[in-house]
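Residue strings, one per chain:
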Amino acid sequence: MRKIIVCSIFCSFIFADNLEILQNDKKEFRNLEKEVIQKKYEGAKNDWIGTVDLNSGLTRSHSFSKESDLFNKSISIGFSQSIYESGGIEFGIKYAKDVLNSELIAWENENITILQTIYETLLFIKKLKFQIEQSDYSLKNKDIELILKRIQYEAGRVDIIELNNAIMSKNNQQKENISLKNSLKDKEYELSKYTNFKSNEIKIIDFKIIDKQKFLRDNLNIRYENSKVELLNTSYNQLKSSYKPKVILSTSTGYSNNENLTTNATGDDERNGSIALNASMPIFDITKNAKLEKSKLEVLKQKVNINDMKNELVYEYEQILTQINTYDEYEKTVENNLKLYDDLIMVNQSSNAAGMTSDYDLEVLQNTKKINEYDLQINDIDKKLQYSKLYFKTKVDM
């Protein structure tokens, strides 16, 4: 059987680069998305380099005063290159790198979101399977309760209302069983939208608790927002440089030929070339200060936004830890209940052997113990879901 291991040690590699768990189309789409980002960078980083332009033309002109027709053919090739922009070229290259970094982080975050959905769906599938098995034991107890109520009713010890309540209780448990099985099918269908692997073909290894400092330092959303700070800061420096001196080198060479169509005279060929060095600098722009101030404020606003996000993340972290602690307390309660049921079953087995209690009493206790054991397993999955909220928001150090 094929096995895919999703674990805390290798998750960063799996999530960012190795998307083998995904369906082929989804995997190809994600890889193409990354390739588009990289190709976009390759073009943007060289955007400052000038282009070589080829121009050609055919012109026919008529002179009414001289009654002559002239035909001109020309071709030229030219090149223009900015060689100095007061740091603008360097900031342009850096801006392209900052865009690449920001978009790759966003790309990785999208991958992690997809794989988080898969992981959490797997946990919900496992939880529903436990709940279905647990519900089966509850249904057995409902069957026993109904049998006992019917015997008591036929003996005149209870009225029809209690018997009817037992019937309704069993029916409700059966409905819950059906609902859980339908939910399981829905989750398995949801999983199939992302991967061709079945839920039992993917082994899940537990994630460990992440400390608060790491949660804040390596938080994926914070990493992305920090990349936007770099991007906005470079954009600001790029804008400042646009108001400073720049030097452009341009050169061209051409060929032209003029013919007089009226006299059938062949014109002279003309070859020419030129080279120029032009310097320029904006002297007055009424919008300059407003544009620069706005760009600077965008950087400041983004930094404040990150601080605000960190405050919210601290609250979120504490909230998740509180929920995990609640599950730990619930686990202790269930474990105490299981010890109590062990004692009750031991006593009941002795009284049952002596004929003092019925087999139904012992079976109810054993079934109820099983129900509590499933509570422990379900509670453990609920804790894993909380741990996953921490893990999938954090980049793993490799």
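Note that the structure is predicted; figures quoted are calculated from it, not measured.

The secondary structure content of the protein chain amounts to eight helices and six strands. The order of α-helices and β-strands along the protein chain, N terminus first, is β-α-α-β-β-α-α-β-α-α-β-β-α-α. Counting only contacts in the protein chain whose residues sit at least 6 apart along the sequence, the fraction spanning at least 24 positions is 82%. On the protein chain, roughly 24,300 Å² of surface is accessible, and the fraction owed to carbon and sulfur atoms is 53%.

Time to look at the pattern of salt bridges. Using the criterion set out here, one finds 24 salt bridges in the structure. Note that arginine 30 and glutamate 110 form a salt bridge whose closest N and O atoms lie 3.1 Å from each other. Here arginine 30, found in helix H2 (residues 24–45), pairs with glutamate 110, found in helix H3 (residues 88–154); they are 80 residues apart in sequence, far enough to count as distant. Residue classification places arginine 30 among the buried residues on the basis of a relative accessible area of 4%. Between aspartate 382 and lysine 127 there is a salt bridge, and its shortest N-O distance comes to 2.8 Å. Here the residue aspartate 382 occupies a position in helix H8 (residues 359–391), and lysine 127 occupies one in helix H3, the gap between them amounting to 255 residues. Residue lysine 127 is classed as buried on the basis of its relative accessible area of 16%. Salt bridges linked by common partners bring Lys94, Asp98 and Glu230 together as one network.

On to unusual backbone geometry, then. Its identity is not glycine, yet serine 86 carries a phi of approximately 55°, on the positive side. By the element assignment, serine 86 lies in the loop between strand E3 (68–84) and H3. For serine 86, a relative accessible area of 15% gives the class buried.

Taking 1.5 Å as the rise per residue, H3 with 67 residues should run 99 Å; its terminal C-alpha atoms sit 95 Å apart, in good agreement. At the exit of H3 stands glycine 156, carrying a positive phi of roughly 80°.

Okay, the packing of helix H7 (residues 288–353) against H8 next. Across the interface, H7 lies against H8 with an axial gap of 9 Å and an inter-helix angle of 165°. Relative to H8, H7 is oriented roughly antiparallel. The element H7 and its partner H8 pack so that their crossing is left-handed. Residues that form the contact of H7 with H8 fall into these classes: 16 nonpolar, 10 polar and 12 charged.

What follows is about the packing of aromatic side chains. The relation between two aromatic rings is expressed through the spacing of the ring centres and the mutual angle of the planes. Counting across every chain of the model gives five aromatic pairs. Aromatic pair phenylalanine 130 and tyrosine 374: ring centres 6.1 Å apart, planes at 50°, arrangement tilted. Taken as a pair, phenylalanine 130 in helix H3 and tyrosine 374 in helix H8 lie far apart in primary sequence, 244 residues in all. When sorted by exposure, phenylalanine 130 lands in the same class as tyrosine 374, which is buried. For the ring pair tyrosine 137 and tyrosine 374, a centre distance of 6.1 Å and an interplane angle of 40° mean the geometry is tilted. Of this pair, tyrosine 137 sits in helix H3 while tyrosine 374 sits in helix H8, and the two are 237 residues apart along the sequence. Relative accessible area serves as the criterion here: at 12%, tyrosine 374 is assigned to the buried category. Through a chain of ring-to-ring contacts, the aromatic side chains of Tyr119, Tyr391 and Phe392 assemble into a single cluster. For the cation-ring pair, lysine 26 lies above tyrosine 194, with the distance from its terminal atom to the ring centre recorded as 5.7 Å.

Right, let's talk about the side chain of glutamine 81 for a bit. Looking at where glutamine 81 falls in the secondary structure, it is placed in strand E3. Among the residues examined, glutamine 81 registers a relative accessible area of 8% and is labelled buried. A distance of 2.5 Å separates the side chain of glutamine 81 from the backbone nitrogen of glycine 50, its partner in a polar contact. Aside from chain neighbours lying at most four places away, what touches glutamine 81 is Trp48, Ile49, Gly50, Val247, Ile248 and Leu249.

Here the focus is the side chain of glutamine 134. Of note, glutamine 134 is situated in helix H3. Using a relative accessible area of 13% as the deciding quantity, one classes glutamine 134 as buried. When neighbours within four sequence positions are excluded, glutamine 134 is seen to be in contact with Ile371, Tyr374, Asp375 and Ile378.

Taken together, Val52, Leu54, Ile75 and Ile77 make up a surface patch of nonpolar side chains, about 370 Å² in accessible area. Sorting the residues of the nonpolar patch by element identifies strand E2 (52–63) and E3 as the ones contributing at least two each. Mapped onto the fold, isoleucine 77 is located in strand E3.

What follows concerns the confidence of the model for the protein chain. Looking at the protein chain, the pLDDT average stands at 87 and 89% of residues meet or exceed 70. Across the protein chain, helix H4 (residues 160–192) holds the top mean pLDDT of 96, while helix H1 (residues 11–16) sits lowest at 40. Within the model, pLDDT remains below 50 along residues 1–17, and this stretch shows 52 contacts once partners closer than five positions in the same chain are excluded.

Calculation criteria
- Residues numbered from 1 in each chain as written.
- Predicted model: local features only at pLDDT ≥ 70, side-chain atom pairs only at ≥ 80, totals over all residues.
- Heavy atoms only, no water.
- Helix = DSSP H or I, 4+ residues; strand = E, 2+ residues; numbered from the N terminus.
- Contact = heavy atoms within 4.5 Å.
- Areas by Shrake-Rupley, 256 points an atom, 1.4 Å probe, with all protein chains shown as cover.
- Salt bridge = Lys/Arg side-chain N within 4 Å of Asp/Glu carboxyl O.
- Buried < 20%, exposed > 50% of the residue type's maximum accessible area, 1.4 Å probe, protein only.
- Expected span 1.5 Å × (residues − 1).
- Axes fitted to C-alpha atoms, helices over the stretch in contact; angles between N-to-C directions.
- Parallel < 35°, antiparallel > 145°, perpendicular 65-115°, else oblique.
- Left-handed = near helix turned anticlockwise from the far one by under 90°.
- Nonpolar A, V, L, I, M, F, W, Y, C, P; charged D, E, K, R; others polar.
- Phe/Tyr/Trp six-rings, centres within 6.5 Å; stacked < 30°, edge-to-face > 60°.
- Lys NZ or Arg CZ within 6 Å of the ring centre and 35° of its normal.
- Polar contact = N/O pair within 3.5 Å; in protein donor to acceptor, adjacent residues only side chain to side chain.
- Patch = residues over 30% accessible without salt bridge, like charges linked within 9 Å, V, L, I, M, F, W, Y side chains within 5 Å.
- pLDDT = per-residue confidence, 0-100.

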